[in-house]
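# Summary of structural features
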Amino acid sequence: MNPPRSRILGTGRFLPEQVRTNDQLARMVDTSDAWITERTGIKERRIAGDGTVTSDMAAAAGRAALEMAGVPASKLSMIIVGTVTPDVPMPATAVFVQQKLGAGAIPSFDVSAACAGFLYGLSIADQFIRSGQAEYVLVVGVELLSRVLDWSDRATCVLFGDGAGAVLLGPTRGDGDRPSGVLSTRLYSDGALADALVIPGGGTREPLDAEGLANKRNKVHMSGQEIFKVAVKNLTSATTDAMVAGGLDGADVDWVVAHQANLRILTQVASRLSVPLERFVLNIDRYGNTSSASIPIALDEAVRDGRVREGHNLIMCALGAGISWGGAAVRF
Ligand code: ACO
């Protein structure tokens, strides 16, 4: 009998109801629908209500993934939450998710890899399932970025949105010559660009004081062009690495479920990979950049509307603050 591999058994998402359009933003900062659409592909994004916290959205997405799989929360062996917008600095948002889902006393922890957080979580879950140390693992990507944006900075506030996505991974023996499941994951990071996208205040380097608050050091600061260039290059190489490791070439790929940061980034990645943009699952126009949530949200939409079907070969890739990035090949 083959050793276990991990397989996606269910997907889920949660998007807050409140929509903020480009035209609404143009009334808040010096920008326009035309500029945002042309430079990013974003038309609108979702904003969480005042009473909502990160773990509420994560638990809702997780619950939907468990329901799709028909697996009760009591059977979970682990919860991994990719987020850079936790409920509180300590403890992990995952423990609040564990509590809200009513899961048992299982390991629950956060992964801080920004936009690549979901892929990091997927890879960790895959290793635990392959080694036989975990059975059902819930992997959530969730961000409540609207709370850490400077809403007077047009260079950042137009890009991001709130939301959560989740997958339930479970074991499969994968007997046969075309087994389903996670075929490969590849993770990378390079701290040389750590300050290109950063929340500089609020940690040990720069504990928050009145001056820090006044200077919005607790908000997202970004050098967009630096990130743009490296994103195209690294997303292409990570995707290629994951495809080779998963035994796939461009013609085998049914869907690319990439992190939704900027439509221009994805267009350039598609042309370098020779995979047409029509095979990318795209929703950046409706949700903007939801960081670690973007891949599982896009996946859940494509699964529920029937685009992604059993046996399809998927490629996932993401890059974000750190910089941290990665790729994965998955047979659904
Ligand atoms: N509305 C109108 N004008 C704007 C806005 C705005 N919202 N933001 C910036 N501008 C202006 C700038 O001030 C600049 O004006 P200037 O020429 O008078 O100086 C001009 O537009 C061009 O600015 P650039 O920064 O050169 O614009 P660029 O084409 O690089 O687009 C963007 C900016 C969209 C941020 C792009 O660099 C980008 O997407 N980078 C990737 C960043 C990203 O996605 N980060 C998220 C996390 S990482 C990830 O997920 C991959």
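A brief look at the structure comes next. All values derive from a computational prediction rather than experimental measurement.

### Quick look at the sheet that holds strand E13 (residues 324-331)
- With mixed pairing, the 4 strands of this open sheet are ordered in space as E8-E13-E12-E11. The strands lining the two open edges of the sheet, one partner per strand, are strand E8 (181-189) and strand E11 (255-258). Going from strand to strand, the sheet's axes swing by 15° on average, the running direction of each strand aside.
- Where E11 and strand E12 (residues 313-320) come together, 4 bridges link them in parallel fashion. Directly across from Trp 255, in E12, lies its bridge partner Leu 314.

### Some words on the pattern of salt bridges
- Tallied over the entire structure, the rule returns 13 salt bridges.
- Residue Arg 154 pairs with Asp 30 through a salt bridge whose shortest N-O separation is 3.6 Å. One end of the pair, Arg 154, is in helix H6 (residues 154-157); the other, Asp 30, is in the loop between helix H1 (22-26) and helix H2 (33-40), and 124 residues separate them in sequence.
- Several salt bridges share partner residues, and in doing so they unite Arg 13, Arg 286, Asp 300, Glu 301 and Arg 304 into one network.

### As for the packing of helix H8 (residues 224-245) against helix H9 (residues 263-273)
- Where H8 contacts H9, the two axes come as close as 9 Å, and the packing angle between them is 40°. Here H8 is positioned oblique relative to H9, judged by the angle of their axes. The element H8 and its partner H9 pack so that their crossing is right-handed. Together, Phe 228, Ala 231, Val 232, Lys 233, Leu 235, Thr 236, Thr 239 and Thr 240 of H8 and Arg 264, Ile 265, Gln 268, Val 269, Arg 272 and Leu 273 of H9 make up the contact between the two elements.
- Class assignment for the residues of the contact of H8 with H9 results in 7 nonpolar, 4 polar and 3 charged.

Here is what the cut-offs are and how they apply
- Residues numbered from 1 in each chain as written.
- Predicted model: local features only at pLDDT ≥ 70, side-chain atom pairs only at ≥ 80, totals over all residues.
- Heavy atoms only, no water.
- Pairing = 2+ DSSP bridges.
- Helix = DSSP H or I, 4+ residues; strand = E, 2+ residues; numbered from the N terminus.
- Axes fitted to C-alpha atoms, helices over the stretch in contact; angles between N-to-C directions.
- Salt bridge = Lys/Arg side-chain N within 4 Å of Asp/Glu carboxyl O.
- Parallel < 35°, antiparallel > 145°, perpendicular 65-115°, else oblique.
- Left-handed = near helix turned anticlockwise from the far one by under 90°.
- Contact = heavy atoms within 4.5 Å.
- Nonpolar A, V, L, I, M, F, W, Y, C, P; charged D, E, K, R; others polar.

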